[in-house]
Amino acid sequence: MAGAHRNAYLSYKKLRLERVGAMIPGFQVIIVGAGILGLASAYHILQREPALELLVVDKKSGPGEGDTARSAAAFRDMFSSPVNRALSQGSIAFYDRIEGERGGIGLKKIGYLWLATARQAEERRAVLTSMARAGVRFKALEIRELSARLPDLRTVDLHQGILGLNCGILEPLKLIKFYEQEILRMGAQVRYRVEVSGFTLNSQALVSGIRTREAEISARTVIVAAGAWTGRLLAGVGIEVPITPRKRQLFSIPAREGPLHGLLTTSGFNEHSLLPFTILPGAAYLRPAPASFILGFANPDQPPGLEEPATGDRGFYDMSIRPQVERYFPVFQGQVPTQAWAGHYDDHLRDSTPFVEYLGGALVVAGSSGSGVMKADSLGRIAAGRLLGQESVPLGHGGWFKVADLGLQQRAVPPEEFVI
Ligand SMILES: Cc1cc2nc3c(=O)[nH]c(=O)nc-3n(C[C@H](O)[C@H](O)[C@H](O)COP(=O)(O)OP(=O)(O)OC[C@H]3O[C@@H](n4cnc5c(N)ncnc54)[C@H](O)[C@@H]3O)c2cc1C
C-alpha cells in the first residue's frame with residue numbers, strides 16, 4: 001500500500017502554473033513556514049526524495065524568526081507518555097550527532113532539575129518509577145545533597161530534586177541554520193518575506209496551492225507548518241485546526257559577576273559547570289544562558305489568543321516569576337530583567353502533543369504545544385513519512401514510529417503526566 005501510494009506520488013510530474021502576477025512555476029511540495037518544524041520536514045523529505053521540487057516560504061526575513069527564535073530551546077526526554085519520549089529522544093539523538101559531527105548547535109547536556117515539595121514528590125512517585133523502568137535516565141537528590149551542591153538555594157518547603165540527565169539546552173538559530181543549509185544544498189528553494197494570504201482550492205475544495213500578494217503557486221502537496229499562525233491561516237479557507245495560540249514570555253537577567261554568576265556557574269551537576277535548567281515547584285524556570293539567566297513561566301491561566309507584536313510585560317515578571325524565583329534563590333533579590341520578549345505556544349487542544357495530519361488537503365504539522373524545538377527532528381521525519389505514504393519511520397535514536405499514531409484520525413497518544 002505504502003509503496004503504491006509513494007509511486008503514484010512520485011509519478012506526479014505535471015506541474016501547473018496559475019499566473020496572477022509574476023511567473024512562478026508550480027512545485028511538488030510547498031511548505032508554509034520556515035520555522036523549525038517546516039525546515040526539519042523539508043530536510044527529511046529531501047533526504048528520502050532528493051529530486052523532489054520543494055519550495056519553502058516564510059513571511060519573515062530569515063529562518064526561525066517566528067517562535068523558534070523566541071524559544072528557551074531547552075530539551076528533555078523526561079515524559080510519562082512513550083510518544084512524547086520517542087519524539088524527544090529521537091530528536092535529541094539526532095541533535096547529539098550534529099553537534100558531535102559538525103559542532104556548533106550549542107548543545108549542552110546540563111540536565112533538568114525539578115525542585116519538588118513533599119506533596120509533589122509523592123504525586124510524581126509512580127510516574128517516575130514508570131519512567132525509570134522505561135530507561136529514562138535521572139537521579140533523585142535528597143534535600144541535604146541539594147543544599148550541599150547549591151549553597152544559594154533556600155530549601156523552604158522543598159523535599160527533593162529530580163535531575164534529568166538526557167536533558168539540556170541548545171541554540172535554536174544554529175539548529176535551524178543547519179536544516180536550512182542542508183535543504184538548500186539538496187536543491188530546495190527558500191523564499192523569505194513571502195506572506196501566504198490564502199490557498200487555492202481544487203474542484204474537490206482541497207488545498208492545491210498557495211496565494212501570495214504577487215502570485216498563486218500550485219503544488220501537489222501544501223504543507224502548513226506556520227506555528228501559532230496555522231489556525232488563523234487555514235480558517236481563511238474554512239479548515240478548522242484543533243490548536244490555539246497562547247502567549248509565552250521570557251526575561252533575561254545578567255549574571256556576569258557576583259552571586260548570580262556564582263549560581264549560574266554552579267559546578268557538580270554537569271561537565272559544563274552550569275546550573276541545570278531548573279524548574280521551581282510553582283513551575284517558573286531558570287535557563288542558563290551566556291553570562292545571564294533566562295527566566296520563564298508557562299502560566300496555565302494565560303488566555304488563548306495571538307498578540308501581534310507579542311511583547312514581554314515587566315508586570316508579568318514582577319507578579320508571576322519574581323516571587324517564585326526570589327523565594328528559593330534570594331540572590332535574585334533586587335535584580336531586574338534587562339531584556340524581555342514573548343511569543344506563542346501553539347497548543348494542541350486535544351492532548352498538548354503535536355500532530356501531523358491532512359486537513360482539507362493540506363498536510364498540517366502543528367500543535368507543538370511548547371515543545372517543538374525538542375521534538376522537531378522526529379516531527380520532520382513523521383511529516384516526510386506521511387507525505388510519502390510510509391506506515392512507520394525510523395527516528396534519530398533508531399526506534400521506529402508508527403506515522404498514524406501522531407495523526408488525528410487513528411491517534412494513539414496517551415495523556416502526558418509529567419508536565420511543567
Ligand atoms: C517563550 C517560549 C519558550 C519556549 N521554550 C521552548 C523550549 O524550551 N523547548 C522547546 O522545545 N520549545 C519551546 N518553545 C516552543 C517552540 O518555540 C515551538 O514549539 C517551535 O518553535 C514551533 O516551531 P514552528 O516551526 O511550528 O513555529 P515557528 O518557529 O513560529 O515557525 C512558523 C513560521 O511560519 C511563518 N508563517 C506564519 N504565517 C505565515 C504566512 N501567512 N505566510 C508565510 N509564513 C508564515 C512564521 O513567520 C514562522 O517563521 C517555546 C516557545 C516560546 C514562545
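Along each chain, numbering runs from 1 in the same order as the chain's sequence is written. Local features in this predicted model are restricted to residues whose pLDDT is 70 or higher, and side-chain atom pairs enter the listing and the counts only when it is 80 or higher, whereas totals over whole chains, interfaces and linings include all residues. Hydrogens and water molecules were not included; the side-chain quantities draw on all heavy atoms of the structure.

1. Remarks on the overall build of the protein chain
How we decide: Secondary structure counts use DSSP, requiring at least four H or I residues in a row for a helix and at least two E residues in a row for a strand, with both numbered from the N terminus. Radius of gyration: C-alpha atoms only; globule rule: 2.2 Å multiplied by the number of residues to the exponent 0.38. In this description, contact between two residues means that some pair of their heavy atoms is separated by no more than 4.5 Å. Each accessible area value is a Shrake-Rupley result obtained with a 1.4 Å probe; residue values ignore everything except the protein chains displayed when judging cover.
On a plain count of helices and strands, the protein chain comes out with 10 helices and 20 strands. Here the protein chain has a C-alpha radius of gyration of 22 Å; the compact-globule value for 420 residues is 22 Å, and the two agree. Overall size of the protein chain, expressed as C-alpha extent along the three principal axes, is 70 × 40 × 40 Å. A separation of at least 24 residues holds for 73% of the contacts in the protein chain among residues at least 6 apart in sequence. As presented, the protein chain carries roughly 17500 Å² of accessible surface, and 50% of it is formed by carbon and sulfur atoms.

2. Thoughts on unusual backbone geometry
A cis geometry characterises the amide bond from E308 onward to P309, with omega recorded as -5°. Here P309 shows up in the loop between strand 15 (292-296) and helix 9 (314-328). The backbone of S352 shows a phi angle near 55°, a positive value even though the residue is not glycine. Looking at the element boundaries, S352 is found in the loop between strand 16 (339-348) and strand 17 (355-359).

3. A short note on helix 4 (residues 118-133)
How we decide: Multiply 1.5 Å by the residue count of a helix minus one, and that product is the helix's expected span. Burial status follows relative accessibility: with a 1.4 Å probe on protein chains alone, a residue under 20% of its type maximum counts as buried, one over 50% as exposed, and anything between as partly exposed.
Helix length check: helix 4 (16 residues) gives 22 Å between terminal C-alpha atoms against 22 Å at 1.5 Å per residue, within 8%. Restricting attention to buried positions, one finds in helix 4 the residues Q120, A121, R124, V127, L128 and M131. Trailing helix 4 by a residue or two, G135 shows a phi angle of about 90°, which is positive.

4. Considering the site of the ligand
Worth spelling out the cut-off: Whether a residue is near a molecule or strand is decided by its heavy atoms; if any one of them lies within 4 Å of it, the residue is near. Think of a polar contact as two N or O atoms within 3.5 Å of one another; within protein, one of them needs to be a possible hydrogen donor and the other a possible acceptor, and neighboring residues in sequence only count if both atoms come from side chains.
In the vicinity of the ligand lie 34 residues, with D58, D67, T68, S368 and M374 positioned nearest. Within the backbone of I36, one N or O atom sits 3.1 Å away from an oxygen atom of the ligand. Between the ligand and the protein, one listed contact pairs an oxygen atom with a backbone N or O atom of G372 at 2.9 Å. Protein contacts shield 98% of the accessible area of the ligand, which totals 1000 Å² for the unbound molecule.

5. Concerning the sheet that holds strand 15
Short version of the rule: Paired strands, as defined in this entry, are two strands with at least two bridges between them according to DSSP. Simply put, an axis is a line fit to the C-alpha atoms, just over the touching stretch for a helix, and the angle between two N-to-C directions goes from 0 to 180 degrees.
One open sheet accounts for 8 strands, arranged 5-6-4-13-14-15-12-16; its pairing is mixed. Two strands lie at the open edges of the sheet, namely strand 5 (138-142) and strand 16, each paired on one side alone. Taking each pair of neighbouring strands and ignoring which way they run, the sheet shows an average axis angle of 25°. Pairing geometry for strand 4 (residues 112-117) and strand 6 (residues 158-164), over 6 bridges, is antiparallel. Following the sheet pairing, Y112 is matched in strand 6 by G164. Across the sheet, helix 4 touches strand 4, strand 5 and strand 6, and the angle it forms with strand 4 is around 135°.

6. Observations regarding the domain arrangement of the protein chain
Going by this rule: Domain extents, as shown, originate in an automatic or database domain assignment. Buried area adds together the accessible area that both of two parts lose upon being put together, with accessible area traced by a 1.4 Å probe. Salt bridge, as applied in this entry: a Lys or Arg side-chain nitrogen positioned within 4 Å of an Asp or Glu carboxyl oxygen. Under the convention adopted here, Pro, Cys and the residues Ala, Val, Leu, Ile, Met, Phe, Trp and Tyr are nonpolar, Asp, Glu, Lys and Arg are charged, and Gly plus all remaining residues are polar.
As far as domains go, the protein chain holds domain 1 (2-68 + 173-242 + 350-406) and domain 2 (112-164 + 245-348). On a C-alpha basis, the centres of domain 1 and domain 2 stand 34 Å from each other. Each side of the interface is counted separately: domain 1 has 18 residues, and domain 2 has 10 residues. Regarding the contact of domain 1 and domain 2, the summed buried area is about 1100 Å², with carbon and sulfur atoms giving 46% of it. Interface area lost by domain 1 to domain 2 is led by D67, A228 and S369, which between them contribute 34%. Linking domain 1 to domain 2 there are 1 salt bridge. Where R232 meets E308, a salt bridge forms, and the shortest distance between an N and an O atom there is 3.1 Å. In this assembly, domain 1 and domain 2 are joined by 11 residue pairs in polar contact (both at pLDDT 80 or more). A per-class count over the side of domain 1 that touches domain 2 returns 6 nonpolar, 7 polar and 5 charged.

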